[in-house]
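Inside the fold
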Amino acid sequence: MASPTTVRTPYLLRLDLVTEIIKTNSKLGDKAAGELAVQVLHALNSIPETIR
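Attention here is on the structure that accompanies the text. Everything quoted here is computed from the prediction, not taken from an experiment. (Residues numbered from 1 in each chain as written. Predicted model: local features only at pLDDT ≥ 70, side-chain atom pairs only at ≥ 80, totals over all residues. Heavy atoms only, no water.)

1. Some points on the nonpolar core
In terms of nonpolar packing, the biggest core is built from 6 residues, these being Leu15, Val18, Ile22, Ala33, Ala37 and Leu41. Elements that contribute at least two residues to this core include exactly helix H1 (10-24) and helix H2 (30-45). Not counting the four nearest positions on each side in its chain, Val18 is found in contact with Ala37, Val40 and Leu41. (Core = buried A, V, L, I, M, F, W, Y, C linked by side-chain atoms within 4.5 Å. Buried < 20%, exposed > 50% of the residue type's maximum accessible area, 1.4 Å probe, protein only. Helix = DSSP H or I, 4+ residues; strand = E, 2+ residues; numbered from the N terminus. Contact = heavy atoms within 4.5 Å.)

2. Some details on the environment of Leu41
Summarising the element assignment, Leu41 is placed in helix H2. Assessed through its relative accessible area of 5%, Leu41 is described here as buried. Setting aside residues up to four positions removed in sequence, Leu41 forms contacts with Tyr11, Arg14, Leu15 and Val18.

Put into structure tokens, the structure is as follows:
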């Protein structure tokens, strides 16, 4: 029997990337880095694409 496939959306891939960068460059733990990553991505997504 095949194992279930987990779909990784582009958002989740970006979230993992930002979380790892935050953890690597700070003393934050997994949970705090993940929460900060969500806020960072939200802020970046609020910038109009023409300006990015």
